[in-house]
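Observations on the model geometry
Each chain, letter by letter, is given below.
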Amino acid sequence: MKNVLSSLVIILLLFSISGLAQKENKEKKKWYKGNLHTHSFWSDGDEFPEIILDWYKSNNYQFIALSDHNTISMEEKWIPVRSDSLFQNSFNNYLNTYGENWVEYKRDSGKIMVKLKTYAEYSQLLEKPGEFLVLHSEEITDRYKDKHVHINATNIQRKIDPQGGNSVAETMQNNLDEVLKQRRETGIPIMPHINHPNFFYSITLEDMISLKGEQFFEVYNGHHMVHNLGDSTHISTEQMWDQINISYIKDNKPLMYGLATDDSHNYHKKGHKWSNAGRGWVVVQTDTLSAHSLIHAMEKGDFYASTGVSLTSLECTPEGISVAVAAEPGVKYTISFIGCLKGATETKELLSVDASQAQYKFPKDLLFVRCKITSNKQQENPIENMKYEVAWTQPILISN
């Protein structure tokens, strides 16, 4: 009897120690804000990398990925400064900000040519351990006929050329496979994500469902031509997200997680006709500001996407989920729990609360659930008809 009691005491003590360790680990974790889709002069953006990074750093982002098209910004590249006053002013600002010792330029046939700084150079200049991280990235930009297939590879180690294919789905999978192959070969976490599926309505729900090995796509993209909301004949990216996960769960695939990104190209002209910075981001909960830590946390779903709403807490237990908003004075919030019941083929709103915090207890017949928080505060620089600030938590698979 004494041995039995001793064993019970030891088991209870171990549970207690484990619980305390989990609590301490959670308390050590921080929220890190970042954007995973940005463009510069290295492809079709209209600003120098350092200026862009400095904007994000000054606007309280902790990590940023410059994801230019089909380049990892490591080769030598010179660009002409166009005669347009916008670009002349951009160059003068760049030169005045960083100085003659940093900016390398020359005059050739009456034009100013500027040598772009590489990833190794601009990241070293702007990074600050524990405060600001620059992630190496590429937007692998491919096509099938007139359809656009764009996949970002975050923390990429070497350039991946577009792989092509005999259909949109095959083109996506071929490029995705190359990213995953590089991850296996290097042993380094490299995170692929599918960009703006409704850009020219190139990628269908069926194409997304066919993917193998993908966990991320853009439920919100801040470019002005991507049709996040769909139209009369195309579903929105949010509707697509839920349908993907209903199918993935049925096929025993990992859940698809939703990102919000800027896809910024334009840094001088601002408005709904331009793809500007500051429209969409992710906030990741992890213990270290590093590529490894951020990617591993995101692969566990430990993040939310936002166009303005911030959270103070997001807790999930086997019994339910609770959400608390960093409420702003005078702003009202609606917290909606959206999910799919077992056997259903569509999601529905399971609970809606007009408050800055809410809880949802999982019913026995629930398949998965996610949370959408909408405020009555208008976005500063919206696109489409997406006027109000929103946040999306990641879907949670219920196993009961």
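In short, a report on the structure. Each chain carries its own residue numbering, running from 1 in the written order of its sequence. Per-residue local features are limited, in this predicted model, to residues with pLDDT of at least 70; the limit for side-chain atom pairs, both in listing and counting, is 80 or more; totals at the level of whole chains, interfaces and linings are taken over all residues. Excluded from the side-chain calculation are hydrogens and water; included are all heavy atoms of the structure.

Observations concerning the pattern of salt bridges
Here the idea is simple: oppositely charged side chains can pair when their charged atoms come close. Test applied: We define a salt bridge as a contact between a side-chain nitrogen of Lys or Arg and a carboxyl oxygen of Asp or Glu at a distance within 4 Å. For helices the rule is a DSSP run of H or I covering at least 4 residues; for strands it is a run of E covering at least 2, with both sets numbered from the N terminus onward. Only protein chains enter the accessibility calculation, which uses a 1.4 Å probe; a residue whose area is less than 20% of its type maximum is buried, one above 50% is exposed, and one in between is partly exposed.
Inspection of every chain in the model, using the stated rule, returns 10 salt bridges. Here E299 makes a salt bridge to R183, at a shortest N to O gap of 2.6 Å. Of this pair, E299 sits in helix 8 (residues 291-299) while R183 sits in helix 5 (residues 168-186), and the two are 116 residues apart along the sequence. On the basis of relative accessible area, R183 is assigned to the partly exposed category, the value being 22%. For E380, the salt bridge identified is with K270, shortest N-O distance 2.9 Å. Residue E380 is located in the loop between strand 18 (366-378) and strand 19 (388-393), and its partner K270 is located in the loop between strand 10 (257-261) and strand 11 (281-286); the two are separated by 110 residues in the primary sequence. Summarising the burial analysis for this pair, E380 and K270 share the class exposed. Through salt bridges with shared partners, one network takes in E238, D242, R370 and K372.

Describing the nonpolar core
Defined as follows: To define a nonpolar core, start from buried Ala, Val, Leu, Ile, Met, Phe, Trp, Tyr and Cys residues and group those joined through side-chain atoms within 4.5 Å. Should any heavy atoms of two residues lie within 4.5 Å, those residues are considered in contact.
Core analysis: the biggest nonpolar cluster contains 51 residues, and V114, F337 and I373 have the highest contact counts within it. Residue contributions to this core peak at 6 residues, all from helix 3 (residues 85-98). In this structure F337 touches I321, V323, K348, E349, L350, L351, A358, Q359, Y360, V369, R370 and C371, once residues within four positions along its chain are discounted.

So, unusual backbone geometry
Of note in the backbone geometry, N70 takes a positive phi value of approximately 50° without being a glycine. Assignment of secondary structure puts N70 in the loop between strand 2 (63-66) and strand 3 (78-80). Residue H227 is not a glycine yet carries a positive backbone phi of 55°. Mapped onto the elements, H227 comes out in the loop between strand 9 (216-221) and helix 7 (237-250). Of the residues examined, H227 reaches a relative accessible area of 34% and is grouped as partly exposed.

Considerations on the sheet that holds strand 5 (residues 111-115)
Inclusion rule: The pairing criterion is simple: DSSP has to find at least two bridges between the two strands. Only C-alpha atoms enter the line fits that serve as axes; for helices the fit covers just the stretch in contact. Angles between N-to-C directions range over 0 to 180 degrees.
Reading across the sheet, the 3 strands line up as 3-5-4 and stay open at both edges, with antiparallel pairing between neighbours. The open sheet has two free edges, formed respectively by strand 3 and strand 4 (105-108), since each of these has just one partner strand. The sheet shows a mean angle of 30° between the axes of neighbouring strands, taken without regard to direction.

Comments concerning the state of the cysteines
This is how the line gets drawn: To count as a disulfide, a pair of cysteine sulfur atoms needs to be within 2.5 Å.
The final tally for this structure, using the stated rule, is 0 disulfides. Considering cysteine sulfurs only, C371 is the nearest to C340, which forms no disulfide, with 17 Å between them. The buried category is assigned to C340, whose relative accessible area is 0%. C371 forms no disulfide, and the closest cysteine sulfur to it belongs to C316, at a distance of 11 Å.

Comments concerning the packing of helix 2 (residues 49-58) against helix 3
Inclusion rule: Small angles under 35 degrees read as roughly parallel and large ones over 145 as roughly antiparallel, with 65 to 115 read as roughly perpendicular and the rest as oblique. Polar here means any residue outside two lists: the nonpolar Ala, Val, Leu, Ile, Met, Phe, Trp, Tyr, Cys and Pro, and the charged Asp, Glu, Lys and Arg; Gly therefore counts as polar.
Running from amino to carboxyl end, helix 2 crosses helix 3 at an angle of 70°, the nearest separation of the two axes being 10 Å. Between helix 2 and helix 3, the crossing angle belongs to the class labelled roughly perpendicular. Contacts between helix 2 and helix 3 involve E50, I51 and D54 on the former and, on the latter, N93, Y94, T97 and Y98. Residue composition of the contact of helix 2 with helix 3, grouped by class: 3 nonpolar, 2 polar and 2 charged.

These results come straight from atomic positions and should not be treated as a statement about function.
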